[in-house]
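Next come the chains, spelled out residue by residue.
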Amino acid sequence: MPKMYLMIPGPTPVPNDVLREMAREMVNHRGQEFSKALLESTELLKKVFQTNNDVFIFTSSGTGAMEASIVNFFSPGDKVIVGVCGVFGERYAKICNAFGLNVVSIKTPAGKGIEPEELEKVIKENPDVKGVFLTHNETSTGVTLNLRELAPIVKEKDILLIVDAISSLGAIDLPTDALNIDVVVTASQKALETPPGLSMMSVSPLAWEYYERAKLPRFYWDIKMAKKFLEEGATPFTPAVSQVFALRKALENILSRGLENNFKRHKILGSAVRAGVKALGVLNLLADEKFASDTVTAVVPPSNVNPDELRKKLRQEFGVVLAGGQGELKGKIFRIGHVGYVEPTDVLVTLSSLEIVLEKMGYDGLRGKAVESAEKVFLNS
Ligand SMILES: Cc1ncc(COP(=O)(O)O)c(C=O)c1O
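These lines cover the structure that appears in this document, whether it is placed above or below. (Residues numbered from 1 in each chain as written. Predicted model: local features only at pLDDT ≥ 70, side-chain atom pairs only at ≥ 80, totals over all residues. Heavy atoms only, no water.)

Quick word on the side chain of asparagine 72
Line of reasoning, step 1. Within the secondary structure, asparagine 72 sits in the loop between helix 3 (62–71) and strand 3 (79–84).
Line of reasoning, step 2. At 2.9 Å, the side chain of asparagine 72 forms a polar contact with the backbone oxygen of alanine 68.
Line of reasoning, step 3. Within polar-contact distance, the side chain of asparagine 72 engages the backbone nitrogen of isoleucine 223 at 3.1 Å.
Line of reasoning, step 4. For asparagine 72, the contacting residues outside a window of four places in its chain are Met201, Tyr210, Tyr211, Ala214, Arg218, Trp221, Asp222 and Ile223. (Helix = DSSP H or I, 4+ residues; strand = E, 2+ residues; numbered from the N terminus. Polar contact = N/O pair within 3.5 Å; in protein donor to acceptor, adjacent residues only side chain to side chain. Contact = heavy atoms within 4.5 Å.)

Focus on unusual backbone geometry
Line of reasoning, step 1. Cis peptide bonds are those with omega within 30 degrees of zero, and the linkage from glycine 10 to proline 11 qualifies with -5°.
Line of reasoning, step 2. Mapped onto the elements of the fold, proline 11 is located in the loop between strand 1 (5–6) and helix 1 (16–22).
Line of reasoning, step 3. Even without glycine at this site, asparagine 180 takes up a positive phi of about 60°.
Line of reasoning, step 4. Assignment of secondary structure puts asparagine 180 in the loop between strand 8 (160–164) and strand 9 (183–187).

What to know about the site of the ligand
Line of reasoning, step 1. By nearness alone, 14 residues border the ligand, and Ser61, Thr63, Thr139, Asp164 and Lys190 come closest of all.
Line of reasoning, step 2. Contact between the ligand and threonine 139: an oxygen atom at 2.4 Å from a side-chain N or O atom of the residue.
Line of reasoning, step 3. In this structure, an oxygen atom belonging to the ligand sits 2.7 Å away from a side-chain N or O atom of lysine 190.
Line of reasoning, step 4. Those elements that provide at least two residues to the shell around the ligand are helix 3 and helix 4 (87–98).
Line of reasoning, step 5. Of the residues forming the shell around the ligand, the biggest block, three residues, is contributed by helix 3. (Near = heavy atom within 4 Å.)

Some details on the sheet that holds strand 11 (residues 284–285)
Line of reasoning, step 1. Read from one edge to the other, the open sheet built from four strands follows the order 11-12-15-14, with strand pairing classed as antiparallel. The open sheet terminates on both sides in strands that have one partner only, identified here as strand 11 and strand 14 (323–324).
Line of reasoning, step 2. Pairing analysis gives four bridges linking strand 12 (residues 296–300) to strand 15 (residues 334–337), with the strands arranged antiparallel. Paired with alanine 298 across the strands is arginine 335, a residue of strand 15. (Pairing = 2+ DSSP bridges.)

A closer look at the pairing of strand 8
Line of reasoning, step 1. Strand 8 sits mainly inside the fold: five of its five residues count as buried.
Line of reasoning, step 2. The two faces of strand 8 match: Leu160, Ile162 and Asp164 on one face and Leu161 and Val163 on the other face are all buried.
Line of reasoning, step 3. Two strands pair when backbone bridges link them, and strand 5 (residues 131–135) and strand 8 are joined in this way by five bridges, in the parallel orientation. Residue pairing for strand 8: glycine 131 is matched across the bridge by leucine 160.
Line of reasoning, step 4. Here three bridges tie strand 8 to strand 9, and the two strands are oriented parallel to one another. (Buried < 20%, exposed > 50% of the residue type's maximum accessible area, 1.4 Å probe, protein only.)

A look at the packing of aromatic side chains
Line of reasoning, step 1. Enumeration according to the criterion identifies 10 aromatic pairs in this entry.
Line of reasoning, step 2. Ring geometry for tyrosine 220 and tryptophan 221: centres 4.8 Å apart, planes at 90°, overall edge-to-face.
Line of reasoning, step 3. Overall, the relative accessible area of 12% leaves tryptophan 221 in the buried class.
Line of reasoning, step 4. Ring geometry for tyrosine 220 and phenylalanine 237: centres 5.0 Å apart, planes at 10°, overall stacked. Taken together, the residues span a long stretch of sequence, with tyrosine 220 in the loop between helix 7 (205–213) and helix 8 (223–231) and phenylalanine 237 in the loop between helix 8 and helix 9 (241–257) at a distance of 17 residues.
Line of reasoning, step 5. On the basis of relative accessibility, which here comes to 33%, the residue tyrosine 220 falls in the partly exposed class.
Line of reasoning, step 6. Under the relative-accessibility criterion, phenylalanine 237 is labelled partly exposed at 25%.
Line of reasoning, step 7. Arginine 24 extends its terminal NZ or CZ atom over the ring of phenylalanine 245, reaching a point 4.4 Å from the ring centre.
Line of reasoning, step 8. Of note, arginine 218 hangs over the ring of tyrosine 211, and the distance from its end group to the ring centre comes to 4.6 Å. (Phe/Tyr/Trp six-rings, centres within 6.5 Å; stacked < 30°, edge-to-face > 60°. Lys NZ or Arg CZ within 6 Å of the ring centre and 35° of its normal.)

What follows is the structure in structure tokens.
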């Protein structure tokens, strides 16, 4: 198999010691060994979530936890505000609609985030709003919201704040308790350096009050049932046993490196990618610098370059795998993931391959430019 550089915003590369945990022999999911792994993973997750709230692990992709964050806390007809900065904000709005909530969307142009004044205005216009859903890091556009500014606006009232941190938790600072965020959802396959298959959700005391009043139907995602089982060191249904062993190892690795160091590393990787892309002169960054994500960079190629052709060449010639555009950006952009088990060398290989492929596509004089700019970021950090 040719060497591969998986530079997409999830699933992300998995370190060997984490992969080895997946190869353990199967155990009884109601036995002591799994129980220990589940309870330890849950405690380690609380550190990564920066919370003392309850944290639950579900066997599902991230979208499962998104659904859990709706059915556990709301009733049909409840009014909610959903921040839509791209495909994943749109997904939250779609799930809320599917469950009969009354959705007020704040939709931003591609590459832009939500400004505090905008959120303040919409909350004021909708005094009966019960919840606000925000995507911390919109993976489809490479936009990160400033929750330090936005969270206090929501929490000034007793409105439930739900944050999708699926492509940020562990990589971009998200102090759940310090910002008083009621519900945070994430998944295993991005910054948490674990294969896909697990999602997680934190639940504040206010969210538990909402739970008691909520009337939406729920079964698989019922957190009261999950809490009862977790107290016994178990899950209500058969869990993805191997993924939980892997998750524990990955969390131990991340925390032994230090959360702050992980945030810093992703900041540097993001800056290096953006500096490299900008230095080429022929590519544009989709996201406003102010909202630029540390985990994923969306890039707009010149109009005569098909981003999907470019990605194909990068994959075939250099084993560099990038992501394409989603939704209305399909066929218009490509995305470089720099999240999880990704190192500066991976970024340098990606940028160097990009220079060569673009040169082969007729863009002369790019050689070394992106790499040099990224190297400067690494040297100065
Ligand atoms: C911000 C964000 N939200 C939600 C999802 C959906 O997660 P999943 O594909 O694991 O269901 C993703 C996946 O890329 C994401 O990046």
